[in-house]
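Chain by chain, the residues:
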Amino acid sequence: MIELSNLEFHYPGSDFKLAIEQLSIARGQKVAVIGPSGSGKTTLLNLIAGILEPNSGDVKVGDRHIVSLSDKEKRDYRIKDIGFVFQDFRLISYLNGLDNILLPFKINNSIKVNGETEDWIKLMCDEMAIKSKLSKFPNQLSHGEKQRLAICRALVAKPSIILADEPTGNLDPANKTNIMQLLFSYASKNDSTLITVTHDYDMLKGFDTVIDFNDLTSKKA
Amino acid sequence: MIQSLYLGLKYLQYHIYRTLILIGSIGLIIYLPLGLRKLISESERQMMARADSTPLIIGSKGNATDLVINSIYLEQSDIELIAYSKTKKLDKLGFGYSIPLISVFNARDYPIVGTTLDYFNFRGLEIASGRNLQFVGECVIGSHVADELSLAPGDSLVSSPDNFLDLAGSYPLQMKVVGVLNTSNTPDDRAVFTDLKTNWVIMGLGHGHQDMKKVTDFSLILEQDSSNITASAKLFIYNKINGEDLESFHFHGDANTFPISAVIFVPDHHKAATLLRGRYKTEAFKEQILVPSDVVRHLLENIFRIKHLFNTAFILVGLATFLILSLIIALTLRLRKKELYTMFTIGSSKTKTIEIICTELFVIVLGSISLAILLYGVTGYFVEAFIRQFIL
């Protein structure tokens, strides 16, 4: 369960302000976040991930109060419990496919590669149809392949929460459907929470809940 | 740490050309002062070694540096010549023995050095092939001359006339190469040695020609009386000395008055050297006596004063490099901002990010230092040859 209560956040020197009185997302839910640009959708993801700290209020994930975690605890929380998927893939240009998938293990010592991880990577790569692309560098891949690779990276540590920031924004219709199916499939099989920011209203039908920032959850100062 | 090294190496490998250029630039900047310092110190050592091995030099008054350079490095310079009799006078003093030198002419850009066999013993020069000098018109060549001109005993080498337009001046003499010296890694390797008489022949002080008493072409004779025959310019002057012509070679005038460039004086002991130098200080001599090591040391002090300028320049270059490197790092970080933020978002710490960047820098610096050490090693290996080729 993710719970946000009495949450307020604003960037220093900006008139933007995000205020959420109460928001609860149950485990395993597939949530779409929609709203105009600059309404705070990505900020919401960053607050849940503990990258940003609210000015007031609380972010609770399970029984953990994210705001009160130390920096190290926040990093460990992100690496173990959160899988990030970005619109622009954010793959590391100088690492090949496999190294990109393994990146979380290389930048944080709290998780280790073991036999189970290797099996999991093989399974994911099979499902995502990128097994033959693991030795390629990002600039040698298509947009669809890049995003599937980025999803593998996001899921490699079997996170309980997937935060996807416009994951289909750069993809053609066929790839959009494919990517969303992969994310839904993982979330369903692993009882993971999927929170997806999107501008694509055609993609909303697979989600359990839609949070619309045009409504009361967002306001400008 | 291993993972940071892995990521750092992957980054450098992906940007291999950029990495190699950086390593090359920094490596050269590190190497330059070290290499130059090595070159300077080795030059000093080699120049001083040659000077230290030559106890005293006596020559005409004038530029001491020119005299020493001419006498020990066999570099030709405009020094006034002295009479050969000076050698005999020095020997008579009983302080040691003297070795006359005359170095005025060239043979295909290598100095022709007229001297006595004592010179070879004094310098420890040994014949590698052939034999030593025996007759007028022969030469023994240094190993470098032999290699460069592809000469061996039995070949011949022609002296280069100092002035083609001077009809009264020296004529080219075809010398017979009778020996090649062992390599000594000194200026002797780059010289052509003859005896003094051969040099005097090149100077025109001695010559060989047709026997005037046996000529059948009377147009060769301008005047003839009971004791003298004056020949015309048509008379054939030999341009080489072989066994048959040797008898016809003769000198006009007193050999004691013939010129030499300088005398290397080898005293029997330190006291003898001091006494001889004392004489030159107190008595009126036309010549000067020099201790080569003093002259060369003074010369090097002046030449290598520029070393201090180099040091300052290197400090400034090092500072400039540091600033440029800082700029490169700053620009690289800016370019990689998104990548580093992605790592942070996923779960990396700032410390880890810094560790990755530092690892990359460490590899670049390590590569640069390795390159500098390699170049320094190569310099050390070739420095002697380089100095012999370009400095001495």
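Residues numbered from 1 in each chain as written. Chains lettered and ligands numbered in written order. Predicted model: local features only at pLDDT ≥ 70, side-chain atom pairs only at ≥ 80, totals over all residues. Heavy atoms only, no water.

## Overview of the sheet that holds strand 6 (residues 82-86) of chain A
Residue and element names in this part refer to chain A. Spelled out, the test is: When DSSP locates at least two bridges between a pair of strands, those strands are taken to pair. Secondary structure elements are defined from DSSP: runs of H or I of at least 4 residues count as helices, runs of E of at least 2 residues count as strands, and each element is numbered from the N terminus. As a rule, the C-alpha atoms of each element are fitted with a line to give its axis, helices using only the stretch in contact, and angles between N-to-C directions run from 0 to 180 degrees. Contacts are assigned to residue pairs that have any heavy atoms within 4.5 Å of one another.
Within the open sheet, the five strands sit side by side as 6-7-8-3-9. Their pairing is parallel. The sheet is open, and its two edges are formed by strand 6 and strand 9 (209-212), each paired on a single side. Mean inter-strand twist for the sheet, computed between neighbouring axes without regard to direction, equals 15°. Contacting strand 3 (30-34), strand 6, strand 7 (161-165) and strand 8 (193-197), helix 1 (residues 41-49) runs over the sheet at an angle of about 155° to strand 7. Where helix 6 (residues 143-155) meets the sheet, its contacts fall on strand 6 and strand 7, and the angle it forms with strand 6 comes to roughly 165°.

## Structural notes on empty space enclosed by the protein
What counts, and what does not: We place a 1 Å grid over just the protein atoms. Points where a 1.4 Å probe fits but has no way out form a cavity, open points with protein on both sides within 12 Å along at least 5 of 7 lines form a pocket, and any residue with an atom within 4 Å of a point lines it. Grid points are joined across faces, edges and corners, and a volume is the space filled by probe spheres set on the points.
Taken as a whole and judged by the stated rule, the model has two cavities of 30 Å³ or more. Looking at the largest cavity, its volume works out to about 110 Å³. Arg78, Ile79, Ile82, Gly83, Phe84, Pro104, Arg153, Ala154, Val156, Ala157 and Pro159 of chain A together with Ile346 of chain B together form the lining of the largest cavity. At the level of secondary structure, the elements contributing two or more residues to the lining of the largest cavity comprise helix 2 (71-81), strand 6 and helix 6 of chain A. When its volume is computed, the second largest cavity comes out at roughly 40 Å³.

## Describing the confidence of the model for chain B
Here is the rule we go by: For every residue, the predictor states its confidence as a pLDDT score lying anywhere from 0 to 100.
Taken over all residues, the pLDDT of chain B has a mean of 85, while the share at 70 or more is 87%. No element of chain B has a lower mean pLDDT than strand 12 (residues 229-231) of chain B, at 64, and none a higher one than strand 9 (residues 192-195) of chain B, at 94.

## Things to note about unusual backbone geometry
Basically, it comes down to this: Burial classification: accessible surface area is computed with a 1.4 Å probe over protein chains only, and a residue below 20% of its type maximum counts as buried, one above 50% as exposed, and the rest as partly exposed.
In this model, Phe89 of chain A sits at a positive phi of 65°, which is unusual for a non-glycine residue. Note on Phe89 of chain A: relative accessible area 6%, which makes it buried. Phi is positive for Arg108 of chain B, close to 45°, though the residue is something other than glycine. With respect to the secondary-structure elements, Arg108 of chain B resides in the loop between strand 3 (96-107) and strand 4 (110-115).

## Here's the deal with the packing of aromatic side chains
Residue and element names in this part refer to chain B. The test is simple: Pairing of aromatic rings covers Phe, Tyr and Trp, the last counted by its six-membered ring, and requires centre-to-centre distances within 6.5 Å; plane angles under 30 degrees mean stacked, over 60 mean edge-to-face, and any other angle means tilted.
Summed over the entire model, instances satisfying the criterion amount to 14 aromatic pairs over all chains. A ring pair is formed by Tyr119 and Phe193, whose centres lie 5.4 Å apart and whose planes are at 35°; its orientation type is tilted. Of the two residues, Tyr119 is situated in helix 5 (residues 117-123) and Phe193 in strand 9; the sequence distance between them amounts to 74 residues. Under the relative-accessibility criterion, Phe193 is labelled buried at 0%. Considering the side-chain rings of Tyr341 and Phe344, the 6.1 Å spacing of their centres and the 40° angle between planes classify their relative orientation as tilted. On the criterion of helical spacing, the pair formed by Tyr341 and Phe344 is a turn pair, its members being three residues apart in helix 11 (residues 337-346). Using a relative accessible area of 23% as the deciding quantity, one classes Phe344 as partly exposed.

## As for the side chain of Lys41 of chain A
Residues and elements named next belong to chain A. This is how the line gets drawn: By the counting scheme adopted, Arg and Lys are positive, Glu and Asp are negative, and His together with the chain ends is not counted. Counted as salt bridges are all cases of a side-chain nitrogen of Lys or Arg within 4 Å of a carboxyl oxygen of Asp or Glu. N or O atoms closer than or at 3.5 Å make up a polar contact, with two conditions inside protein: a donor-capable atom paired with an acceptor-capable one, and, for residues adjacent in sequence, both atoms drawn from side chains.
When you line up the elements, Lys41 lands in helix 1. The side chain of Lys41 sits in the buried core without any salt bridge; Glu166 is the nearest counter-charge, 5.3 Å away. Reaching out from Lys41, the side chain makes a polar contact with the backbone oxygen of Gly35 at a distance of 2.9 Å. Once you skip the residues sitting within four places of it in the chain, Lys41 turns out to touch Val33, Ile34, Gly35, Pro36, Val197, His199 and Phe213.

## Description of the pattern of salt bridges
In a structure, side chains of opposite charge can pair up when their charged atoms sit close to one another. Counted under the stated rule, the structure contains 21 salt bridges over all chains. A salt bridge links Arg64 of chain A to Asp81 of chain A, with the shortest nitrogen-to-oxygen separation between them at 2.9 Å. Note that Arg64 of chain A is positioned in strand 5 (residues 64-65) and Asp81 of chain A in helix 2, a separation of 17 residues in sequence. In this structure, the salt-bridge partner of Arg336 of chain B is Glu339 of chain B, at a minimum N-O distance of 3.1 Å. Using a relative accessible area of 4% as the deciding quantity, one classes Arg336 of chain B as buried. Among the residues examined, Glu339 of chain B registers a relative accessible area of 13% and is labelled buried.

## Things to note about the interface of chain A and chain B
The line we're drawing: Two parts placed together each lose some accessible area; with a 1.4 Å probe, that loss summed over both constitutes the buried area. Amino acids are sorted into nonpolar (Ala, Val, Leu, Ile, Met, Phe, Trp, Tyr, Cys and Pro), charged (Asp, Glu, Lys and Arg) and polar (every other residue, Gly among them).
Counting residues at the interface gives 24 residues for chain A, matched by 19 residues for chain B. Overall, the association of chain A and chain B removes approximately 2100 Å² of surface from exposure, summing both partners, and the carbon and sulfur fraction of that is 63%. Interface area lost by chain A to chain B is led by Tyr94, Lys106 and Ile107 of chain A, which between them contribute 36%. At the junction of chain A and chain B, the tally comes to two salt bridges. Between Lys338 of chain B and Asp88 of chain A there is a salt bridge; the shortest N-O distance is 2.6 Å. Taken together, the connections running from chain A to chain B amount to eight residue pairs in polar contact (both at pLDDT 80 or more). The residue makeup of the side of chain A that touches chain B, split by class, is 12 nonpolar, five polar and seven charged.

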